[in-house]
Amino acid sequence: MGSRSAAASAPGKVILFGEHAVVYGEPSLSLALHRRIRVWGDVPADATTVNREALDEHRFSYIATALRLHWRDGHVRLRTETELPQGGHVGSSAALSTATIGVLFALQRGTPAPAADVARAAFETEYATQGAASPNDTTVATAGGAVLLSPQREAGAEHLWRIEKGERAWNAHRITLPDLPLVVAHSGVRARTADQVAKVKRFVDKNAFGRDLIQEIGAITREGVEALKHRDLVRLGELMNRNHTCLHTLGVDAPALTRLVEAARRVPGTFGAKLTGAGGGGSLIALAERPQAVIEALQRMGAQAFPAEPSPRGLEVSVS
Ligand code: MEV
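Residues numbered from 1 in each chain as written. Predicted model: local features only at pLDDT ≥ 70, side-chain atom pairs only at ≥ 80, totals over all residues. Heavy atoms only, no water.

Chemist: Explain the environment of Gln 299 to me, using residue names and the numbers behind them.
Modeler: Among the structural elements, Gln 299 can be located in helix α9 (residues 291–300). In this structure Gln 299 comes out as partly exposed when scored by relative accessible area, which is 42%. Residues Gln 299 and Thr 138, spaced 161 residues apart in sequence, show a C-alpha to C-alpha distance of 29 Å. From its side chain, Gln 299 meets the backbone oxygen of Ala 305 in a polar contact 3.3 Å long. (Helix = DSSP H or I, 4+ residues; strand = E, 2+ residues; numbered from the N terminus. Buried < 20%, exposed > 50% of the residue type's maximum accessible area, 1.4 Å probe, protein only. Polar contact = N/O pair within 3.5 Å; in protein donor to acceptor, adjacent residues only side chain to side chain.)

Chemist: Break down the pairing of strand β9 (residues 182–186) for me, with residues and values.
Modeler: The buried count for β9 comes to five of five residues, which makes it a mostly enclosed element. Here β9 shows two buried faces, one formed by Leu 182, Val 184 and His 186 and the other by Val 183 and Ala 185. Alignment of β9 against strand β11 (residues 283–288), held across five bridges, turns out to be antiparallel. Across the sheet, residue Ala 185 finds its bridge partner in β11, namely Leu 284. In the sheet, β9 pairs with strand β12 (residues 304–307) via four bridges, with the strands oriented antiparallel. Each bridged residue has a counterpart across the sheet, and for Val 183 the counterpart in β12 is Pro 307. (Pairing = 2+ DSSP bridges.)

Chemist: Can you lay out the pattern of salt bridges for me, pointing to particular residues and giving the numbers?
Modeler: For the structure shown, the criterion picks out 18 salt bridges. Here Glu 19 ties to Lys 274 by a salt bridge, and the two come within 2.9 Å at their closest N and O atoms. Residue Glu 19 is located in the loop between β1 (4–17) and β2 (28–43), and its partner Lys 274 is located in strand β10 (residues 270–276); the two are separated by 255 residues in the primary sequence. Summarising the burial analysis for this pair, Glu 19 and Lys 274 share the class buried. Of the charged contacts in the structure, one is a salt bridge between Asp 205 and Lys 201, with a shortest N-O distance of 2.7 Å. On the criterion of helical spacing, the pair formed by Asp 205 and Lys 201 is a turn pair, its members being four residues apart in helix α5 (residues 193–206). Residue Asp 205 is classed as partly exposed on the basis of its relative accessible area of 48%. (Salt bridge = Lys/Arg side-chain N within 4 Å of Asp/Glu carboxyl O.)

Chemist: I'd like a rundown of the packing of helix α2 (residues 92–109) against helix α4 (residues 136–143), residues and numbers included.
Modeler: The interhelical angle for the contact between α2 and α4, taken along N-to-C directions, is 55°, at an axis separation of 8 Å. Compared by their axis directions, α2 and α4 come out oblique. Between α2 and α4 lies a crossing of right-handed hand. Residues Ala 94, Ala 95 and Thr 98 of α2 pack against Asp 137, Thr 138, Ala 141 and Thr 142 of α4. Looking at the contact of α2 with α4 residue by residue, the classes come out as three nonpolar, three polar and one charged. (Axes fitted to C-alpha atoms, helices over the stretch in contact; angles between N-to-C directions. Parallel < 35°, antiparallel > 145°, perpendicular 65-115°, else oblique. Left-handed = near helix turned anticlockwise from the far one by under 90°. Contact = heavy atoms within 4.5 Å. Nonpolar A, V, L, I, M, F, W, Y, C, P; charged D, E, K, R; others polar.)

Chemist: Please give an account of the domain arrangement of the protein chain that cites residues and values.
Modeler: Much of the literature gives interface size as the accessible area that the parts lose upon coming together. We note that the domain assignment places domain 1 (4–177 + 311–319) and domain 2 (182–307) within the protein chain. Its C-alpha centre places domain 1 at a distance of 23 Å from the equivalent point of domain 2. Counting from both sides, the interface comprises 25 residues of domain 1 and, opposite them, 41 residues of domain 2. Summed over both sides, the interface of domain 1 with domain 2 buries roughly 2,800 Å², with 69% coming from carbon and sulfur. Per-residue buried area on domain 1 facing domain 2 is highest for Phe 17, His 20 and His 89; these three make up 27% of the total on that side. (Domains from an automatic or database assignment. Buried area = accessible area lost by both parts, 1.4 Å probe.)

Chemist: Explain the side chain of His 186 residue by residue, including any values.
Modeler: In this structure, His 186 sits in strand β9. With a relative accessible area of 4%, His 186 lands in the buried category. Polar contacts involving the side chain of His 186 include one to the main-chain carbonyl oxygen of Gly 282, which spans 3.4 Å.

Chemist: Quick rundown of the sheet that holds β11? Include the residues and the values.
Modeler: If you trace the four strands from one edge of the open sheet to the other, you get β10-β11-β9-β12, paired in antiparallel fashion. Edge strands, defined here as strands with exactly one partner in the open sheet, are β10 and β12. Put simply, the sheet's adjacent strands are angled 20° from each other on average, direction ignored. Seen against the sheet, helix α7 (residues 233–250) touches β10 and β11 and runs at an angle of roughly 35° to β10. Set on the sheet, α9 makes contact with β9, β10, β11 and β12; between it and β12 the angle comes to about 170°.

Following this line, the structure appears as structure tokens:
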């Protein structure tokens, strides 16, 4: 391979409905955020480096896996830059995996790879790094906008791609979201997605009640999709609260998150609030008539809170 440079960026995400249940084939509904991760790559290189240091496989485990699974082309010099809190469960590992794969494929091919190829490879990277995953986060990081993942193809929604793993299959669809006044807040407590996914798996494997909760979350997500079509904010808020209760019962809530979810709900005009992403810490999402009041209430409690404006921009790649 001659001298080549590539750059890619991918967005973070929030999950409105369906985290954890999507790992078991239930639907999920997520949207991309404006905050992004950027990755640059250059070849040839004398050594494989990330941010000018030898690749630290522990710190950059997703990059290490991406290279192990998808790179046979010698050393590569990588640089990363992020606007997303790590361990905040707003999609930083998926955005990093997706942007890294976008760069590696572009370096190999001399042109940006098709989005579906990147989405599949980024999912394999997350799956191998975490030991389990759904393609939710990497699909949103690739596609941008609002994404519905579903075991079957959904009528009336644009079908993006299908991803299979073992006995499961997920169909990714792009959907149009109405304008939603959403707030995201990071509790400041970092938690590893892999640990939360493993915790839920232990519960679900041993316990029929765990499997009922997973199905209940699936039903809530389907109702959420209907409520979105009518921009029924009251119903959406109720469903978010119910989704949160299911996640709490599954054991992926955390005291710091509970306090923030309750505080968001206490602000007059809040329709609902739930944890978003893997839990155990990380972030919440609230739907509120007065988003700024929720942001201020949560900031007073020490959280990093900001409006969750959905971004239509997915993976963007350039090669030179
Ligand atoms: C994490 O953002 C979402 C989970 O459902 C895991 C996954 O889908 O891979 C908890």
